[in-house]
Amino acid sequence: MTMLIAEDLCARYGGVQVLHGVDLAIAEGEIVALLGANGAGKTTLLRALSRQVASSGAITLAGTRIDGLSTARVARLGLGHVPEGRGTFTELTVEENLRLGALARPRNLRARTTSDLELIAETFPVLHEMRARQAGALSGGQAQMLAVARALLARPRLLLVDEPSLGLAPLTTLELFNRFQSLRDAWSLTILLAEQNARLSLRIADRAIVLSRGRVALEGPATELQDHDALRAAYLGDA
Ligand code: ATP
C-alpha cells in the first residue's frame, strides 16, 4: 500500500513561494530521508503534510485525501509529527509526557497501551530510568528520544520527524536512528525523516528525496545516493 502521496504541493509564506510543485510517494513500511540544505523547504513540506501550513495540491494518507482536513483530524487518521525543537512538556515528568502521547492513540489500540509502554521502555532504556524526572531536566539527546517516543505512543501509521539530529552528537543520532529501524519493524511504521545530516540518515533510510529550493531535485534508493555528486551539491546548497 502507498502510505503517502503528495501531488503538486505548493506553499508560500506571504508573497514568497517556498514549495514549488512537490510530488512524492512513500510506501507503507518505508523509511525515507528528506534531505536538503538549510532553507530548502523540508520543515515547510512536513508542516504542509500535517496541515500546519496551508498548501495547494493533493495529499493522500493511506488512501484518504487529507489536504482539506485540520491538523487534529489528520493526526487522528494516523499522521504523527515530531517538530524541530522537540516540543515536550518540560514541567511534566518523562512518564507523564509518554502517557499524554498514549492518550492520542486510536481507540482500537488503547488496550495495548501497557505493552506499548513496555516496548518503549525497552527501546529507550534511558527514558525508563528517568521516568520520574521532569522532562526539562533531560539532556538534548534524551529530550529528542522523549519527543519521538511520545509521538510513537500515539501509534501513528506515518511519522514525520523534523531534524532529530539537531544538537545531538553523531553517536546519539545514530542510536536514535537505529531505534527508528527497530520500531518500524515492530509496529510496521512508515517514517519520513527530514535531515541535514545526509550521511547518518542514509545509513538507516531505504530511500531518500533531496529537496532543493522547494523542488524535488533527486530521489532514489539510499544506497545509490550515498556517494552521488548531485546529492552532495544539493546537500551543500549549491545545486
Ligand atoms: P531548516 O533546516 O533551516 O529548517 P528547511 O529546509 O526546513 O530548512 P524551511 O524551514 O521549510 O526550510 O524554510 C524554507 C524557506 O521558507 C526559507 O527560505 C525560510 O526562510 C522560509 N520560511 C520558513 N518559515 C517561514 C515563515 N514562518 N515565514 C516566512 N518565511 C518562512
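Analysis parameters
- Residues numbered from 1 in each chain as written.
- Predicted model: local features only at pLDDT ≥ 70, side-chain atom pairs only at ≥ 80, totals over all residues.
- Heavy atoms only, no water.
- Helix = DSSP H or I, 4+ residues; strand = E, 2+ residues; numbered from the N terminus.
- Rg over C-alpha atoms; globule rule 2.2 N^0.38 Å.
- Buried < 20%, exposed > 50% of the residue type's maximum accessible area, 1.4 Å probe, protein only.
- Areas by Shrake-Rupley, 256 points an atom, 1.4 Å probe, with all protein chains shown as cover.
- Lys, Arg positive; Asp, Glu negative; His and termini not counted.
- Charge placed at Lys NZ, Arg CZ, Asp CG, Glu CD.
- Pairing = 2+ DSSP bridges.
- Axes fitted to C-alpha atoms, helices over the stretch in contact; angles between N-to-C directions.
- Near = heavy atom within 4 Å.
- Polar contact = N/O pair within 3.5 Å; in protein donor to acceptor, adjacent residues only side chain to side chain.
- Left-handed = near helix turned anticlockwise from the far one by under 90°.
- Contact = heavy atoms within 4.5 Å.
- Nonpolar A, V, L, I, M, F, W, Y, C, P; charged D, E, K, R; others polar.
- Salt bridge = Lys/Arg side-chain N within 4 Å of Asp/Glu carboxyl O.

What follows is about the overall build of the protein. Across its full length, the protein holds 10 helices and 10 strands. By the compact-globule yardstick of 18 Å for 239 residues, the protein fits well, its C-alpha radius of gyration being 17 Å. Taking the principal axes of its C-alpha atoms as reference, the protein extends roughly 45 × 40 × 35 Å. In the protein, which comprises 239 residues, the proportion classed as buried is 52%. Accessible surface for the protein amounts to roughly 10800 Å². Of this, 50% is attributable to carbon and sulfur atoms. Counting 26 positive and 25 negative side-chain charges, the protein places the averaged centre of each group 6 Å from the other.

So, on to the sheet that holds strand β10 (residues 215-221). The strand order across the open sheet built from 6 strands is β6-β7-β8-β3-β9-β10, with neighbouring strands paired in mixed fashion. Of all strands in the sheet, those bounded by a partner on one side alone are β6 (79-82) and β10. Averaged over all adjacent pairs, the angle separating strand axes in this sheet is 15 degrees, with direction ignored. Bridge analysis of β6 against strand β7 (residues 158-162) gives 4 bridges, and the strand direction is parallel.

The environment of the ligand is made up of 13 residues, and the closest members are Asn38, Gly39, Gly41, Thr43 and Thr44. The side chain of Glu84 places a nitrogen or oxygen atom 3.5 Å from an oxygen atom of the ligand. Residue Glu163 places a side-chain N or O atom 3.4 Å away from an oxygen atom belonging to the ligand. In isolation the ligand exposes 620 Å². Once the protein is present, 58% of that is buried. Here the shell around the ligand gets 3 residues from one element, more than from any other, and that element is helix α1 (residues 42-49).

With that out of the way, let us pick up the packing of helix α3 (residues 94-103) against helix α6 (residues 140-153). In a pair of packed helices, the angle between the axes and the distance between the axes together describe the arrangement. Their axes nearest at 6 Å, the elements α3 and α6 cross at an angle of 30 degrees. For the crossing formed where α3 meets α6, the hand is right-handed. Of the residues in α6, those touching α3 at Val94, Asn97, Leu98, Gly101 and Ala102 are Leu146, Ala149, Arg150 and Leu153. In the contact of α3 with α6, the residues fall into 6 nonpolar, 2 polar and 1 charged.

Within the element layout of this structure, Leu189 appears in the loop between α7 (170-187) and β8 (190-195). It is 22 Å that separates the C-alpha atoms of Leu189 and Gly141, two residues lying 48 residues apart in sequence.

Across the sheet, which stays open at both edges, the 4 strands sit in the order β2-β1-β4-β5 with antiparallel pairing between neighbours. Strands with a single pairing partner mark the edges of an open sheet, and in this sheet they are β2 (16-27) and β5 (64-65). Strand direction decides the pairing type here: strand β4 (residues 56-61) and β5, joined by 2 bridges, are antiparallel. Its bridge partner being in β5, Thr60 is matched across the sheet by Arg65. Docked against the sheet, α1 engages β1 (2-13), β2 and β4, running at close to 115 degrees with respect to β1.

Turning our eyes to something else, we now look at the pattern of salt bridges. Working definition: two side chains of opposite charge can pair if their charged atoms are close together. Following the criterion strictly, the structure yields 9 salt bridges and no others. We note a salt bridge from Glu95 to Arg99, for which the minimum N-O separation is 3.3 Å. Of this pair, Glu95 and Arg99 both sit in helix α3, 4 residues apart, roughly one helical turn. Take Arg99: its relative accessible area is 44%, and that puts it in the partly exposed class. Ionic pairing is found between Asp116 and Arg155, a salt bridge with its closest N-O pair at 2.7 Å. Residue Asp116 is found in helix α4 (residues 113-123), and its partner Arg155 is found in the loop between α6 and β7; the two are separated by 39 residues along the sequence. Like Arg155, Asp116 is buried. A network of salt bridges, in which partner residues are shared, links Glu30, Arg207 and Glu219.

Here strand β9 (residues 207-212) pairs with β10 via 6 bridges, running antiparallel. Looking at β10, one finds that Leu211 is bridged to Val216. Counting the residues in the hairpin turn of β9 and β10 gives 2 residues, including Arg213, whose phi is positive at 45 degrees.

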